[in-house]
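# Structure assessment
One letter stands for each residue in the lines below.
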Amino acid sequence: MRYIGNKENVVPRIDEILTRKHITGDCLFDFFSGTTSVGKYYKRMGYRVDTSDFMYFSYCLQKAYIENNTVPGFERLLPELNIASTGLFMTPLEIVVSYLNKLKPEQGFIYNHYTPGGTVNLSQPRMYFSDENGGKIDAIRRQIEQWHEAGLLVENEYYILLATLIESVSFYANVAGVYAAFYKKWDPRAVKPLRLRPIEILVNNRENRVYHADSMTLLDRVDSDILYLDPPYNERQYASNYHILETIARNDNPEIRSITGMRDYTTQRSRFCKSTSALADLDRIARGATYRYLVLSYNSEGIMSSEKIIEVLSRYGDVEMEQFEYLRFKSNNNGLSSTKRHIWEQLYILKRL
């Protein structure tokens, strides 16, 4: 999934560093969960995993990937679909996804506000999705909600289908990676017909817990061996960058504004997007949370300086910093030369006294 700071490609390197330093445990708290990449990795490793994020679309992913420990059977839904025939080796999830992929497009909220056909009267029609794909998103989201309201989906099945839609949408969006703006010409992948891709079902038989919350409110509620922090690095607010995914997840038809069709996100602003409040909250986390090890992922261009981070964390134990180079997220390149296409991932490791 295209997402700023997504750790899917670097979490094995992070784990390699932690393992080399004998930093292990039984439970991990992914404090800023985002796309759940870190939570998924450690769930596969057998950890009991807790995750949290104040974005609802992230909560949907957490429910599907982290909390869920059951392969969905869709026992209530499948008898209602009246499907004449299916592939011999298709799973129940694949059967349901195949049904959703065959729905005809509808002119709902996404079509009406984020496609050129739906916004033809604007001076600059919005080109987040093709007309067909915007209509497909509407049809699929409506159908999932109707099944849910009719009692045909148990809770984990509902969130698995939402996660499948949320993750699939990112492959067809006409954006550089975030939804704060759209391309004025079509990206070739954005005009391909949208098809849902079933998500991976992870089962580790642990009591993994997920939260839709400001993680700062959970400091005295979640105990962990490893407290993993992956906060925003710069002044860009995640809520504005992913407003369309939030709208699809919530299905709430919000009031929107500006050329980009932004939903209101005033209650979802992160204090880690300002250096002074970021350092204050980092201190509060290091002081108030319960953990054996605090691991902070940051990068060399973050708004908190390395010196300040070490100064804060050193108040509570021994701190080490390791770093490695990785490819910059595409939407952050900003036309920089090839020498600036890579960035340093910094890993701060606090062993609590």
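Above this text sits the structure in question.
What counts as what
Residues numbered from 1 in each chain as written. Predicted model: local features only at pLDDT ≥ 70, side-chain atom pairs only at ≥ 80, totals over all residues. Heavy atoms only, no water. Helix = DSSP H or I, 4+ residues; strand = E, 2+ residues; numbered from the N terminus. Rg over C-alpha atoms; globule rule 2.2 N^0.38 Å. Contact = heavy atoms within 4.5 Å. Areas by Shrake-Rupley, 256 points an atom, 1.4 Å probe, with all protein chains shown as cover. Lys, Arg positive; Asp, Glu negative; His and termini not counted. Charge placed at Lys NZ, Arg CZ, Asp CG, Glu CD. Buried < 20%, exposed > 50% of the residue type's maximum accessible area, 1.4 Å probe, protein only. Right-handed = clockwise from strand over helix to strand, strands pointing away. Pairing = 2+ DSSP bridges. Core = buried A, V, L, I, M, F, W, Y, C linked by side-chain atoms within 4.5 Å. Salt bridge = Lys/Arg side-chain N within 4 Å of Asp/Glu carboxyl O. Polar contact = N/O pair within 3.5 Å; in protein donor to acceptor, adjacent residues only side chain to side chain.

### Things to note about the overall build of the protein chain
Helix and strand counts for the protein chain stand at twelve helices and nine strands. A compact globule built from 353 residues would reach a C-alpha radius of gyration of about 20 Å, and the protein chain, at 21 Å, matches this within 12%. For the protein chain, the share of sequence-separated contacts (at least 6 apart) that also reach a separation of at least 24 residues comes to 75%. Just so you have it, the protein chain exposes about 15,900 Å², and 48% of that area is on carbon and sulfur atoms. For the protein chain, the separation between the mean place of its 44 positive charges and that of its 43 negative charges on side chains is 4 Å.

### A short note on the pairing of strand β2 (residues 48–53)
Counting buried positions along β2 yields six of six residues, so the element is predominantly enclosed. Along β2, one buried face is formed by R48, D50 and S52 and the opposite face, lined by V49, T51 and D53, is buried too. Considered for its hand, the β-α-β crossover made up of strand β1 (residues 27–30), helix α2 (residues 37–44) and β2 is right-handed. Where β2 lies against strand β3 (residues 209–212), four bridges are found, and the strand directions are parallel. By the bridge assignment for β3, S52 is matched with Y211.

### Observations regarding the nonpolar core
Formed by 110 residues in total, the largest nonpolar core has its most connected members in F129, Y179, I285 and L294. For this core, the element with the highest residue contribution is helix α8 (residues 155–169), accounting for nine residues. Sequence-distant contacts of I285, defined by excluding residues within four places in its chain, comprise F31, M216, L219, L227, L229, F272, Y291 and L294.

### Section: the environment of N9
Mapped onto the fold, N9 is located in the segment before α1 (11–20). Distance in space between the C-alpha atoms of N9 and E145 is 33 Å, their sequence separation being 136 residues.

### Side note on the pattern of salt bridges
Taken as a whole, this structure holds 20 salt bridges when the rule is applied. Residue R263 is joined to D252 by a salt bridge in which the shortest nitrogen-to-oxygen separation is 2.7 Å. Residue R263 is located in strand β6 (residues 262–263), and its partner D252 is located in the loop between α10 (243–250) and β5 (256–257); the two are separated by eleven residues in the primary sequence. The partly exposed category is assigned to D252, whose relative accessible area is 35%. Taken together, the salt bridges that share partners define one network made up of D283, R287, K308, E311 and R315.

### Considering the side chain of D138
Structurally, D138 can be placed in helix α7 (residues 131–149). The buried charged residue D138 lacks any salt bridge partner; its closest oppositely charged side chain belongs to R141, at an N-O distance of 8.7 Å. Not counting chain neighbours up to four residues away, the residues in contact with D138 comprise E106, Q107, G108, F109, I110 and Y111.

### Overview of the side chain of E145
Note on placement: E145 falls in helix α7. A residue is classified by how much of its surface remains accessible, and E145, at 15% relative accessible area, is buried. A polar side-chain atom of E145 sits 2.7 Å from a polar atom in the side chain of Y158. Excluding anything up to four places from it in sequence, E145 contacts Y158 and N251.

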